[in-house]
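# Working through the structure, step by step
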Amino acid sequence: QKASEREHKSPYEIANYYTKAFLKDLEKLNIKKPDIIAKATEHIPDMIEYVKKIMENGYAYETSTGLYFDISKLPNYGILSGKNLQGEKAGARVNVDNEKRNPQDFAIWKKAPKNHIMQWDSPWGKSYPGWHIECSAMSRKYLGEQFDIHTGGVDHIPIHHENEIAQSKCSHGGEYGRYWMHNGYLNIRGEKMSKSSGNFFTLRDILKDYDGNMIRFFMLSSHYRKPIDFSDEELEMAKTAIERIENTILRAEEVLKSNPTDSTENLQEISEFLETSKKKFEDGMDD
């Protein structure tokens, strides 16, 4: 809503602008476009049905401001992060609301003030989804009630992903995501990249000096759970590594062209080597 007022554009215009920019960035990084790109605003009916189920199962309650998940009804709430709710201060994670049964109860549906730009008709009046319900509803629609891998940043562990698990267990049961893979932070000069602190670069800034494949290679050079320190020195190392790979391919092609009589035998050796390497890679990814 703040961005809409600041830029004098509708939320849909802003969302479409950044969606197009994101897809262009994917293309420049040589990343395949997802088969399904799900927009939250196009799945409101799915979210309403999801919330209804949680309410019917007795895991949420209604106040004058919205519908809240009752964490006291779920014995293992906090299973992903191992948090101790007894040690948390009221209002430390969410706004204090005297109508809530527990300070840490989170909104699954919010009743909209009249001036709220994004609101939809629902069984609970003009309202809009909570911060966490859209992910649970959309993943269920496209992946089913249980799926293998759920990803996200490490900062999502204690709140967003914890609440996704709670919602899903209390809507349809099951284990939701079987494996949780959280990526580490991107650091700049040893500090977490943050727009609020001004400590950040955009991809388009970096693409002025470096090819997309080099940036992608740099991002993949570290284990996904570890933080990555962004620097020109690291990007130069990635650039050198990519050039080494490209030069190796060029030399291999030159050798095959210069020895046509041996090409068949050489191609067979290369083919066998590539198949073995591919198998090793897939075994590593499967582990």
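In the block above lies the structure referred to throughout.
Residues numbered from 1 in each chain as written. Predicted model: local features only at pLDDT ≥ 70, side-chain atom pairs only at ≥ 80, totals over all residues. Heavy atoms only, no water.

### Looking at the packing of aromatic side chains
The geometry of an aromatic ring pair is captured by the separation of the ring centres together with the interplanar angle, meaning the angle of the planes. Worth spelling out the cut-off: Pairing of aromatic side chains here covers Phe, Tyr and the six-membered ring of Trp, requires ring centres within 6.5 Å, and sorts the geometry by plane angle: under 30 degrees stacked, over 60 edge-to-face, intermediate tilted. Strands are runs of DSSP state E lasting at least two residues, helices are runs of H or I lasting at least four, and both sets are numbered from the N terminus onward. Burial classes: relative accessible area under 20% of the type maximum marks a residue as buried, over 50% as exposed, and values in between as partly exposed (1.4 Å probe, protein chains only). Distance and angle both matter: a charge sits over a ring if NZ of Lys or CZ of Arg is within 6 Å of the ring centre and within 35 degrees of the ring normal.
Enumeration according to the criterion identifies nine aromatic pairs in this entry. Look at F147 and Y176: their rings are 5.1 Å apart centre to centre, the planes differ by 75 degrees, and that puts the pair in the edge-to-face class. A residue pair is termed long-range when its members are at least 10 positions apart, and F147 in strand β5 (residues 147-153) and Y176 in the loop between α5 (157-172) and β6 (177-183) qualify at 29 residues. Like Y176, F147 is buried. Grouped by ring-pair contacts, the aromatic residues Y59, F69 and F106 constitute a single cluster. The lysine or arginine in question, K9, covers the ring of Y17, its NZ or CZ lying 5.7 Å from the ring centre. If you follow K141 out to its NZ or CZ, it ends over the ring of Y142, 5.9 Å from the centre.

### Concerning the sheet that holds strand β7 (residues 186-188)
Whenever strands of a sheet pair, they do so through backbone hydrogen bonds, lying parallel or antiparallel. Heads up, the rule is: A pair of strands is considered paired only if DSSP assigns at least 2 bridges between the two.
The strand order β8-β7-β9 describes an open sheet built from three strands, whose pairing is mixed. Two strands lie at the open edges of the sheet, namely β8 (191-192) and β9 (228-230), each paired on one side alone. Relative to β9, β7 is paired through three bridges, and the arrangement is parallel. Bridging from a neighbouring strand, I188 pairs with F230 of β9.

### Quick word on the nonpolar core
For the record, the criterion: Side-chain atoms within 4.5 Å link the members of a nonpolar core, which is a set of buried Ala, Val, Leu, Ile, Met, Phe, Trp, Tyr and Cys residues.
Counting residues in hydrophobic clusters, the biggest one holds 24 residues, and the most contacted among them are V51, I54, F69, F106, I108, W109 and I133. At the level of secondary structure, the elements contributing two or more residues to this core comprise α3 (44-56), β2 (66-69), β3 (106-111), α4 (133-143) and α5. In terms of residues, this core owes the most to one element, α3, which gives six residues. Counting 10 residues, the second-largest nonpolar core is a separate cluster that includes I206, F230, L235 and A238.

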